[in-house]
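# Working through the structure, step by step
Next come the chains, spelled out residue by residue.
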Amino acid sequence: MRRVRMQGWTRRLVAENRLSADDLIWPVFVQEGSGVSSDIAAMPGVQRHAIDRLVDAVGEAGDLGVPAIALFPYTDPARKDPDGTYATDPGNLMCRTVRALKKAHPEIGVICDVALDPYTSHGHDGLLRDGKIVNDATVEVLVRQALALADAGCDVIAPSDMMDGRVGAIRRALDDRGYTDVMIMAYAAKYASGFYGPFRDAIGSKGNLGGASKSTYQINPANGDEAIREVGLDLAEGADMVMVKPGLPYLDIVHRVKEAFHAPTFAYQVSGEFSMIRAAAERGWIDGERVMMESLLAFKRAGADGVLTYFAVEAAQKLKAG
Ligand code: PBG
């Protein structure tokens, strides 16, 4: 086995998988204001940007070959309420950002998260009634949120809420309004995970959840078959692309989803995964660049068509430098 590992040229020749900038989706955070950015304590090196700054940053990512970004808002706490009503406001921060991005960089894909957690005072992805997240009433709000984002010019709607039936409902509503070309990337296999911790700091929903968990809608980490059924339903309802989330701890699911459906399959290397690599690298315990590239390549080997990663720009820079 070692003969082909002996020299760089044979190693290159027999390499089975390759990472390219084309595989990367960059999740970004937008905040109010202009000319300002703010650090996210739990995600060193990641910032929230005001719209004008974000437009520039996204342009640079595009120049490095990153095909698309996934957009998340930091919502002013004064805009939050129990029902997340700001989510469906056509003038909200997300919609304004989408308009600015599509105007400045029409060639870069804009993927918009659909869920209520950036907007609800309790931090849940849906409507809370008598201590429960209600399904169908939430889906109605998500549909209106998706339509507002489509009106703003979003290319891909990415429902991350895990309500049942939302993909089909959003697809029908988009088609009815003439948005037959707007795609849906379903957070199909989204687990109830501790790895989302730093993200909640990024969007300002940290602490809002209190003791309540998202386990009544996100998948139990113990389960694999259930994720396959979820993905099957979302594809049947009209999802164009599906996602597994978190990433590395769920590579078995990425592999099974690709094998089962042969559909465009994405993995989300989430905030906690990013921050663990970053923190260990900052302490000098691991080689951060090397682990970044190794982790991204692992997604490709597992069968992912692409990866949502906070490392997208750094990885694209590294790939460009060779
Ligand atoms: C919520 C949403 C979450 C993430 C993306 N969309 C968090 C959650 O479900 O609590 C997490 C992303 C990350 O951790 O990087 N709709």
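See the structure shown above.
Residues numbered from 1 in each chain as written. Predicted model: local features only at pLDDT ≥ 70, side-chain atom pairs only at ≥ 80, totals over all residues. Heavy atoms only, no water.

### Overview of the environment of aspartate 305
The test is simple: Helix and strand assignments come from DSSP, with helices taken as H or I runs of at least 4 residues and strands as E runs of at least 2, each series counted from the N terminus. Working rule for contacts: check all heavy atoms of both residues, and any pair within 4.5 Å makes them a contact. Any pair of nitrogen or oxygen atoms within 3.5 Å is treated as a polar contact; in protein, a donor-acceptor pairing is required on top of that, and neighbouring residues in sequence qualify only through side-chain atoms on both sides.
Along the polypeptide, aspartate 305 turns up in the loop between helix H10 (288-302) and strand S12 (306-309). Through-space distance from the C-alpha of aspartate 305 to that of alanine 263 is 9.1 Å; in sequence the pair is 42 residues apart. Residues in contact with aspartate 305, not counting those within four places in the same chain, are Asp23, Lys258, Ala263, Pro264, Thr265, Phe266 and Lys300. Only 2.8 Å separates the side chain of aspartate 305 from the side chain of lysine 258, close enough to count as a polar contact.

### Details of the site of the ligand
Here is the rule we go by: By convention in these notes, a residue is near a molecule or strand provided one of its non-hydrogen atoms lies within 4 Å of it. Computed with a 1.4 Å probe, the accessible areas rest on the Shrake-Rupley method; for each residue, only the protein chains presented here act as cover.
If you check the shell around the ligand, you find 17 residues, and the closest are Ser160, Lys190, Arg200, Lys245 and Tyr310. One of the side-chain N or O atoms of serine 160 is found 2.6 Å from a nitrogen atom in the ligand. Between an oxygen atom of the ligand and a side-chain N or O atom of glutamine 218, the distance comes to 3.0 Å. For the ligand, whose unbound accessible area comes to 400 Å², protein coverage reaches 100%.

### A short note on helix H9 (residues 271-282)
The cut-off we apply is this: In this analysis, the expected span of each helix is defined as 1.5 Å times one less than the number of residues it contains. Categorising residues by exposure relies on relative accessible area from a 1.4 Å probe, with only protein chains included: less than 20% of the type maximum marks a residue as buried, more than 50% marks it as exposed, and the intermediate range marks it as partly exposed.
Under the 1.5 Å per step criterion, the end-to-end length of H9 is 16 Å for 12 residues, consistent within 8% with the ideal 16 Å. Looking only at H9, the buried set comprises Ser271, Gly272, Glu273, Phe274, Ser275, Ile277, Arg278 and Ala280. Buried residues along H9 sit in contact with helix H6 (197-202), strand S11 (265-269), H10 and helix H11 (312-321). In the stretch just after H9, glycine 284 is the one whose phi turns positive, near 80°.

### Brief notes about unusual backbone geometry
With omega at -10°, the peptide bond leading from lysine 245 into proline 246 counts as cis. Tracing the chain through its elements places proline 246 in the loop between strand S10 (241-245) and helix H8 (251-261). Of note, the phi angle at aspartate 130 is positive, near 50°, even though the residue is not glycine. On the secondary structure map, aspartate 130 appears in the loop between strand S6 (127-129) and strand S7 (132-134). Of note, the phi angle at methionine 162 is positive, near 70°, even though the residue is not glycine. Within the secondary structure, methionine 162 is located in the loop between strand S8 (156-159) and helix H5 (166-176). Taking the relative accessible area as the measure of exposure, methionine 162 reaches 4% and is therefore buried.

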